[in-house]
Amino acid sequence: MSVWSGIRSRLRALLHRRMADDDLAAEIQFHLELEMERNVRLGMAPEEARRLAVARFGGVQSVREAHRDVRRLQWIEDALSDARFATRSLRRTPALTAAAVVTIALGIGANAAIFSAVNAVVLRPLPFPGQDRLVVIGENNSEKHWQMNYAAPANLLDWRAGVGDFQDVMAYFEGLGNSVLTGRGDPQVLGTSVVTGNFFSTLGVRPALGRAFTFEESFSTGTHLAVLSDKAWRERFGGDSSMIGKSITLNGGVFQVIGVMPTGFSYPKEGVDVWRTFEWTPEFRASVAFRRAHGPRAVARLKPGVTIAEADAQLQAVVERLKREYPATNKYMGASMRPLHDFLIGDTRLPLLVLLTSVAFLLLIGCANVGNLLLVQATGRRREVALRLALGAGRGRLVRQAVTESLVLSLVGGACGLAVGWAGTRALVHLQPSGMLRVRDFGVDTSVLAYVVAITLASGLVFGVAPALWARHRDPAESLKDGGRAAIQGVRAKRWTDLLVVSEVALALLMAVGAGLLVRSFLQMRQVDPGFDPRGVWVGAVNLNRAYDTDEKVDGFMRQLQARVRGLPGVSSAALVMNPPLTGASYTSDFIGYARPAGDYGSEVAHSVVSPGYFATMRVPLLRGREFSTDDTPKTTPVIIINQTLANGYFKGQDPLGQRIAFEKAPTPKSRWHTIVGVVGDEHTDALGVAPRIEVYEPSTQSFYPYMRVVARATGDQAGMTGSVRSLLHDMDPTLALTNVTTMDALRDASLARTRFLTILMLMFGAIGLVLAVVGVYGVLAQVARNRTREMGIRIALGAQAGQVRWLVVRQGLRLTLAGLLIGGLAASVATRALTKLLFGVAPNDPLTLALVALLLAGTSIAAAWLPASRASRADPMEALRAD
């Protein structure tokens, strides 16, 4: 009852105030009429009597406002009144209103879409309790140029035992592997993450069903364990709660399901279906390889109240101890920590911040454009403003009315911009390249709504400043003396319009230069020779299960697979490779040449295992020597092929053919020496934008791995190729599945996807900014041409040529454009340095890009100035003079 009574009392108060307004108006009118009658009796004309009565009374509006200001909640009524007046004013100019709303909606929509991505990736905390205490530990090595690299398992176990400020340390393989589920119909591929047993407990996440692993289960216990994701549990196992404790078959091994994770949990990658443990053995724990091999990503949880600096001090003490105890592997090995959240953002932060800055500039250009439109409208209403001032309206009230009109316009544009932003967010979710953002799904949440409201209100204030200040400084006497359409625009308004246009041009140049640099960078990257011919090459992966437990079985199956794929219709050649180019190295190692002096070794040589026929299939040029053959077997001399970069570097000035190398720093009597039988051209191992590594190739007939990819050069339908390989694989072994199907063209495109995505967005925003800037130049010069109609008519009547009249308008546009280009060029020379890490083959201060963009902007601005100038030059002098 109290709520309704409060509402009723508020309505009664508003009704009484409305009645009081009516009474106040009637009383003011009564006193004015008395004063007018007194003046008429003194012999004045009625119009003069009214003017003098208003002047003596102090202005009707000022008297009314003086009485209103003493009442409670008056500001609310005034705001509503101003809003209604603003709405009526905007309705009277539908074209201007529509142009302003569209401009604001584009700016705010672009900001909302990009900010939603920034919010989801950069600002939103990780979904783990105490996520601020989770840190990544990476290994650093000055000799190998490592920074925050993967950890050696033995080292991370020593960190866990030796750093008291760590609550726990866990590890996982960063990449997402595949496991083939069999025994439940056709083989099914499950995305698999391999982790230590304390993975879930360190993150602070509990299973929804069953239990998680324990740390002791990081080691082999005789029983293989698995934890399912909620999605896999529901889609692959029907959401059966009795799955806990049951066994499933993965890659030919029997795994006991012990838990199901909560809905939405999929760390460390999207698409994890099952987690299983490393299953290290005690024998491997004591081996040199356990400390030399680097694979897992280490994450620690700090104890409550412990800072990163305090934990790092203890970590460095352990690192120094390991250097002394294990000089063969840890002599140059350091370690450092970063918050997990910052680490996961990684190199995504810079592109997102660049995009956010670009859309902020776009919104500022839009605000300047709308400010100019409103200023043009305000100058057209100068007589109305002057009359209101003459009748006693306060200047503050006029300023408030102008700002209210801007806010109403921005709110309408903001509402439309929110819809544009929602659509843009959906587009970003679907169009973002793989690995660009840490999350696959983001949208308009409360943070984004708050951001949109903030920039909407700020935009209204920004583009409402010029009209408001213009109204504040109007002289009513001067305005009433001006002659309607022939009135010359005030100096103050002209300064504001010039300033807004110069700002638009400068910001547009800044955005366009950034977009131009990325376009040139992308074109440069597209011209990079990947070192192979990707056209028509199909790729698919095969992962053998535990039944292939000997080298002979692996070798036999892989040879048969290659032969059968090669025999498929339309296939000209086929081969096997562990990791195809553009997907990263399989692994790296040190190496040393035979009979080389101690210390003359190399580091970080990439290894690739390929079958005979690989180089011919991929059309990698053989520069010297021979390819691998089926005669290279475990019983013959171990052979390798090296790439040109390795030959030109380590074997500079020598013939590498016939020389031998071992993959270690210091050879021993047990070292395995590999004879170089060929030199091939460089493939880009990591990405088109990354220089080729030094690389060695080992034959799959001497190095046996159960996971290989088939590469087949074929003609015709790629989908048909997939079906054919899947069928023959099923014939060979129905427990195996074909995974990671793609093409080398797709892998090449994926290598360009990140740069292409960023370039397209920047180009789109830059183009919109350029159009808005040109429209701003056109709008100002069109207004100038209209205001100088009488002057143009007089000049033409006195014999001025059309070209001279056109030059008057074009010259002003050129002056504003050049000023904007100068300011924008100076800003671009500094701001574009932020793009350095995003560019390839082009400098951030590239003069050619700046010159081309400046010429483009200057040319379009001159074209925009030419249109109103041409209309002005065709004006009829008599009509122009008569219209005054």
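Scroll up to find the structure this text is about.
Description of the structure in this document. (Residues numbered from 1 in each chain as written. Predicted model: local features only at pLDDT ≥ 70, side-chain atom pairs only at ≥ 80, totals over all residues. Heavy atoms only, no water.)

**Here's the deal with the overall build of the protein chain**
Along its length, the protein chain carries 28 helices and 23 strands. When each of the 884 residues of the protein chain is scored for burial, the buried share is 50%. Contacts spanning at least 24 positions in sequence make up 81% of the contacts within the protein chain whose residues lie at least 6 apart. Carbon and sulfur atoms form 59% of the exposed surface of the protein chain, whose accessible area is close to 40500 Å². (Helix = DSSP H or I, 4+ residues; strand = E, 2+ residues; numbered from the N terminus. Buried < 20%, exposed > 50% of the residue type's maximum accessible area, 1.4 Å probe, protein only. Contact = heavy atoms within 4.5 Å. Areas by Shrake-Rupley, 256 points an atom, 1.4 Å probe, with all protein chains shown as cover.)

**Some details on the nonpolar core**
Judged by nonpolar contacts, the single largest core of 80 residues is most densely connected at Ile 114, Leu 409, Phe 442 and Phe 765. Counting residues per element, the ones that place at least two in this core are α5 (94-123), α14 (349-380), α16 (395-431), α17 (446-472), α19 (491-526), α24 (744-787), α26 (802-831) and α27 (847-873). Setting aside residues no more than four positions away along its own chain, Ile 114 makes contact with Leu 352, Leu 355, Leu 356, Val 359, Leu 428 and Phe 765. (Core = buried A, V, L, I, M, F, W, Y, C linked by side-chain atoms within 4.5 Å.)

**Quick notes on the pattern of salt bridges**
Tallying each qualifying case throughout the model produces 24 salt bridges. Residues Asp 240 and Lys 246 are paired through a salt bridge, measuring 3.8 Å at the closest nitrogen-oxygen approach. Residue Lys 246 is classed as partly exposed on the basis of its relative accessible area, which comes to 38%. In this structure, the salt-bridge partner of Asp 347 is Arg 754, at a minimum N-O distance of 3.4 Å. You can see Asp 347 sitting in the loop between α13 (340-345) and α14 and its partner Arg 754 sitting in helix α24, a full 407 residues away along the chain. (Salt bridge = Lys/Arg side-chain N within 4 Å of Asp/Glu carboxyl O.)

**Digging into the pairing of strand β7 (residues 224-228)**
Of all 5 residues making up β7, 4 are buried, and the element is well covered by its neighbours. As paired elements, β7 and strand β9 (residues 253-260) share 5 bridges and run parallel to each other. The partner of Val 227 across the bridge, within β9, is Gly 259. (Pairing = 2+ DSSP bridges.)

**Concerning unusual backbone geometry**
With omega at 10°, the peptide bond leading from Tyr 267 into Pro 268 counts as cis. In the Ramachandran plot, His 145 falls in the positive-phi region, its phi being about 60° despite a non-glycine side chain. Secondary-structure assignment places His 145 in the loop between β1 (134-141) and β2 (146-149). For His 145, a relative accessible area of 71% puts it in the exposed group.

**Considerations on a nonpolar patch on the surface**
Where nonpolar side chains cluster on the molecular surface, the patch consists of Leu 411, Val 453 and Leu 457 and spans about 260 Å² of accessible area. Mapping Leu 411 onto the fold places it in helix α16. According to the relative accessible area criterion, Leu 411 is partly exposed, its value standing at 48%. (Patch = residues over 30% accessible without salt bridge, like charges linked within 9 Å, V, L, I, M, F, W, Y side chains within 5 Å.)

**Structural notes on the side chain of Asn 119**
Here Asn 119 lies in helix α5. Sequence-distant contacts of Asn 119, defined by excluding residues within four places in its chain, comprise Arg 124, Asp 445, Ser 447 and Val 448.

**Description of the packing of aromatic side chains**
Scanning all chains against the criterion turns up 24 aromatic pairs. Between the aromatic rings of Tyr 172 and Phe 199, the centroid separation amounts to 5.9 Å while the plane-to-plane angle is 80°, which identifies the pairing as edge-to-face. Taken together, the positions of Tyr 172 in strand β3 (residues 166-172) and Phe 199 in helix α7 (residues 199-203) put the pair 27 residues apart, joining distant regions of the chain. Taking relative accessible area as the criterion, Tyr 172 reaches 1% and is therefore assigned buried. Aromatic pair Phe 200 and Phe 265: ring centres 6.0 Å apart, planes at 55°, arrangement tilted. Placement of Phe 200 in helix α7 and of Phe 265 in the loop between β9 and β10 (274-277) is noted, with a sequence separation of 65 residues between them. For Phe 265, a relative accessible area of 11% translates into the label buried. Clustering of aromatic rings is evident, with ring pairs tying together Phe 128, Tyr 172, Phe 199, Phe 200, Phe 213, Phe 265, Tyr 267 and Trp 275. One residue, Arg 291, lies across the ring of Tyr 326, its end atom 3.7 Å from the ring centre. One cation-aromatic arrangement involves Arg 660 over Tyr 594; the distance from NZ or CZ to the ring centre is 4.1 Å. (Phe/Tyr/Trp six-rings, centres within 6.5 Å; stacked < 30°, edge-to-face > 60°. Lys NZ or Arg CZ within 6 Å of the ring centre and 35° of its normal.)

**Overview of helix α8 (residues 230-237)**
Among all positions of α8, only Asp 230, Ala 232, Trp 233 and Phe 237 are buried. On its buried face, α8 is in contact with β4 (177-182), β6 (209-210), β7, β8 (247-250) and β9. Looking at the residues trailing α8, positive phi occurs at Gly 238, about 65°.

**Examining the environment of Ser 242**
By the secondary structure assignment, Ser 242 is in the loop between α8 and β8. Assessed through its relative accessible area of 35%, Ser 242 is described here as partly exposed. Taking C-alpha positions, Ser 242 is 9.9 Å from Leu 209, a pair spaced 33 residues apart along the chain. A polar side-chain atom of Ser 242 sits 3.4 Å from a polar atom in the side chain of Lys 246. (Polar contact = N/O pair within 3.5 Å; in protein donor to acceptor, adjacent residues only side chain to side chain.)

**Brief notes about the side chain of Asp 273**
Checked against the element boundaries, Asp 273 lands in the loop between β9 and β10. The side chain of Asp 273 sits in the buried core without any salt bridge; Arg 236 is the nearest counter-charge, 4.4 Å away. If sequence neighbours within four positions are ignored, Asp 273 has contacts with Val 189, Leu 190, Gly 191, Val 227, Leu 228, Ser 229, Ala 232 and Arg 236. (Lys, Arg positive; Asp, Glu negative; His and termini not counted.)

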